[in-house]
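# Coordinate analysis (summary)
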Amino acid sequence: MAEALSPDESTPGSFKASEADRQNVAQLATILDLIASKPAVQHLKAWVLAALAPAEGESALDVGSGTGEDLVELTKRVGPSGRAVGVEPSPGLRAESVRRAEGIEVVDGDALSLPFDDASFDAVRCERVLQHISEPGKAVSEMARVLRPGGRIALVDTDWATAIVYPADPEVLSRIFAFLLAETANPYSGRTLRALLADAGLTTVDETAATWLEPQSGAAQGYLTMMATTCAALGVITAPEAEAFQQGLAEAAARGSFHMSLTMYAVAATKAPAG
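So, here's what we can say about the structure. (Residues numbered from 1 in each chain as written. Predicted model: local features only at pLDDT ≥ 70, side-chain atom pairs only at ≥ 80, totals over all residues. Heavy atoms only, no water.)

### Some points on the overall build of the protein
Secondary structure assignment for the protein yields nine helices and eight strands. For 275 residues, the compact-globule estimate of 2.2 N^0.38 gives 19 Å, and the protein sits close to it at 19 Å. With the principal axes as the frame, the protein shows a C-alpha extent of 65 × 35 × 30 Å. Relative to its full complement of 275 residues, the protein shows a buried share of 51%. Sequence-distant contacts, at least 24 apart, represent 75% of the contacts inside the protein between residues at least 6 apart. (Helix = DSSP H or I, 4+ residues; strand = E, 2+ residues; numbered from the N terminus. Rg over C-alpha atoms; globule rule 2.2 N^0.38 Å. Buried < 20%, exposed > 50% of the residue type's maximum accessible area, 1.4 Å probe, protein only. Contact = heavy atoms within 4.5 Å.)

### Topic: helix α2 (residues 39-52)
Taking 1.5 Å of rise per residue, 14 residues should cover 20 Å, and α2 covers 20 Å from first to last C-alpha, within 8% of that figure. Those residues of α2 that sit buried are A40, V41, L44, K45, W47, V48, L49 and L52. Tucked into the core, α2 has its buried residues touching α1 (25-36), α3 (69-78), β4 (121-127), β5 (147-158), β7 (203-213) and β8 (259-270). A53, located one to two residues past α2, shows a positive phi value of around 45°. (Expected span 1.5 Å × (residues − 1).)

### Looking at α1
Along its twelve residues, α1 runs 16 Å from first to last C-alpha, staying within 8% of the 16 Å computed at 1.5 Å per residue. Listed in full, the buried residues belonging to α1 are Q27, L28, A29, I31, L32, I35 and A36. Here the buried face of α1 lies against α2, α3, α4 (91-100) and α8 (223-233).

### Some details on the pattern of salt bridges
Enumeration according to the criterion identifies 22 salt bridges in this entry. Salt-bridge contacts for D33 lead to R100; the nearest nitrogen and oxygen are separated by 2.9 Å. Placement of D33 in helix α1 and of R100 in helix α4 is noted, with a sequence separation of 67 residues between them. By relative accessible area, which is 37% here, R100 ends up partly exposed. The closest approach of N and O atoms between E142 and R145, which form a salt bridge, is 2.7 Å. Linking E142 with R145, this pair stays in helix α5 (residues 136-146), spanning three residues, or about one helical turn. On the basis of relative accessible area, E142 is assigned to the buried category, the value being 14%. The class for R145 is partly exposed, based on a relative accessible area of 24%. Several salt bridges share partner residues, and in doing so they unite K45, D62, E69, D70, R125, E127 and R128 into one network. (Salt bridge = Lys/Arg side-chain N within 4 Å of Asp/Glu carboxyl O.)

### Here's the deal with the pairing of β5
Within a regular strand, the side chains alternate between the two sheet faces. Most of β5 sits out of view: nine of its twelve residues are buried. Relative to β5, β4 runs parallel, the two being bridged by six bridges. Note that in β5 the partner of A123 across the bridge is R152. In terms of handedness, the path from β4 via α5 over to β5 forms a crossover that is right-handed. Alignment of β5 against β8, held across seven bridges, turns out to be antiparallel. Residue pairing across strands places A154 opposite A268, the latter belonging to β8. (Pairing = 2+ DSSP bridges. Right-handed = clockwise from strand over helix to strand, strands pointing away.)

So yeah, pure geometry; function would need other evidence.
If you want it as structure tokens, here you go:
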């Protein structure tokens, strides 16, 4: 569950732009690949692509393009006569995205100061980035600035208050969640997407949500194991508490009674036509 944490502070698994030069790129890429494989995330990615409907010859922007998988699809949709570009502050992730898909265009930059002229793009997407930004309103205003009149935008983000894990010691789980919320710049981002778009002068045209339901196998590997290990390493919980947390989830999964869920939201909007 912890997209922004690592037990090794010297090579953090952080998505924050301020820590881009110290990132453990292999770890971040693994996390992004794992997230992208989740059915709920795949559903939202498909929904965003349909909402934006990038066409041959258009220009499209992916803000926080990560490993580049969504940029690849945008590039296909706009074709050789169009332009698809990703903005990614992490030099390691930029290099990884180009390694995976040679020929895509990825530039250095962050959501708070996009390196493009006004009205440069027909379509803009931003997925699970705003939760890592302390000034999300400024970021969405920047996206609105580079969007052409009549252009389309789609935002996707998580609301970490929707995270549910069962079973677990309530007091231990409370400390883990409190730490995760404190470490996330904008943990309730999902619920604010409509407001951010409206404040930027954009008109919402559609919205949806998808809940990530972790399979029983997720009790013993992936995010929950990472979460417990990280919190124990940083002193949020004790090593025995982490062991009991993990053992309790594993035993529940063996009975088929483990539960973990997290809800993500997506909103599509348009910019008013010129005149």
